[in-house]
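# An overview of the molecular structure
Single-letter residue listing:
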Amino acid sequence: MYSEKEVSRDTFLNLIRVLDLDEGIRIDNKENKMFVNKSVNRYCIDVSKNNKDEFFYFTDARKVIDFLNERMDPACKIYSY
Amino acid sequence: MNSKITVRELKPINIEGGYLIDGLPSVGLTSAIATQSMIHTTQFDMVGVLDSERFPPVSIIHDESPNFPARIFVNNDLKVAVFSSFLMIEQSLHRDAAKMMLDWAKNHKCSLLVSSSPVKSENDNYSVMGIASTAEAKKKLKDAGIPIMGQGTIPGIPGLLLNEGSISHINVIVLLFSTSGKRPDFKSSAQLCMAMSKLVPGTACDITSLQQEAEKAEHEIKEADKETKLLKDTMYG
């Protein structure tokens, strides 16, 4: 069965650093959803709003965290899937 | 003639709790192109082949090596398997193909089977919807923010996967991508891969190389289909 589970904001920051290839993180904001995936050499962030997607790429986990922190609602829900 | 499709596994497979992606072309070539480009952009191993007395007797030569036309690829790290074919699956084999995939997914303890199907659209918008076989799979679609189809008809292998999945409680999601028929298939394929990555982590991360690979895969698949058409016409009448 699916291993999707809700994670806290603190856990999530660590999760980004150790994100594995078979893991994804979904952030449910009020207005959009952000999907974080990782390939062999970089992170991919898909910002999805009204079924339209915009992609951002980073190699550094710190930059991913900064990017997400700027765009996460205070009351957002975070899931590991 | 026996129409059963057999699976020959050549390497150990461990995708327990993972995903099976259907890339067998039954309604258009987009799903086959999408999965073929996914295989090339992410590290997948060929772990098995699909065969049937009803398949055209043909070898697809690629990079100086012979290949079965229908193959199974696995990425054990991602826990993802892909059923991929260079050839359009004949309609009389759709039921066998769907049953074989569901049995295979069950035997390998996959948590979700993802398939796809085109939907005719008047405009040229890139949009993806989905439909699921179980409440659990439907929740997965909702959580990923993928709109759910309310009314419609899903033909071919994806439709059969949904029907069988719903009565045997196997999680199946069919992604429906709009197509006007005016643009190249590879653009819809790249769009489809991106939607898949919302459900299956790690499957599509690099949109530029994905589009390049999809364009290449479209050419390869269409060439293979054209070259074997005469053979298929002879076999299937």
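Just above, that's the structure.
## Quick notes on the environment of Ile146(B)
Residues and elements named next belong to chain B. In this fold, Ile 146 is placed in the loop between helix H3 (135–143) and helix H4 (156–168). For Ile 146, a relative accessible area of 4% gives the class buried. Measuring from C-alpha to C-alpha, the distance between Ile 146 and Met 129 comes to 5.8 Å, with 17 residues separating the pair along the chain. Setting aside chain neighbours within four positions, we find Ile 146 in contact with Val 128, Met 129, Gly 130, Leu 141, Leu 175, Ala 195, Lys 198 and Leu 199.

## Overview of the interface of chain A and chain B
With 24 residues of chain A at the interface, the matching set in chain B holds 28 residues. Taken over both partners, the interface formed by chain A and chain B buries close to 2200 Å², and the fraction arising from carbon and sulfur atoms is 53%. On the surface where chain A and chain B come into contact, there are one salt bridge. On the surface where chain A and chain B come into contact, there are five residue pairs in polar contact (both at pLDDT 80 or more).

## With respect to the pattern of salt bridges
Across all of its chains, the model carries nine salt bridges over all chains by this definition. For Asp53(A), the salt bridge identified is with Lys198(B), shortest N-O distance 2.8 Å. Within this pair, whereas Asp53(A) is found in strand S5 (residues 52–58), its partner Lys198(B) is found in the loop between helix H5 (185–197) and helix H6 (207–236), the two belonging to separate chains.

Cut-off values and rules
Residues numbered from 1 in each chain as written. Chains lettered and ligands numbered in written order. Predicted model: local features only at pLDDT ≥ 70, side-chain atom pairs only at ≥ 80, totals over all residues. Heavy atoms only, no water. Helix = DSSP H or I, 4+ residues; strand = E, 2+ residues; numbered from the N terminus. Buried < 20%, exposed > 50% of the residue type's maximum accessible area, 1.4 Å probe, protein only. Contact = heavy atoms within 4.5 Å. Buried area = accessible area lost by both parts, 1.4 Å probe. Salt bridge = Lys/Arg side-chain N within 4 Å of Asp/Glu carboxyl O. Polar contact = N/O pair within 3.5 Å; in protein donor to acceptor, adjacent residues only side chain to side chain.

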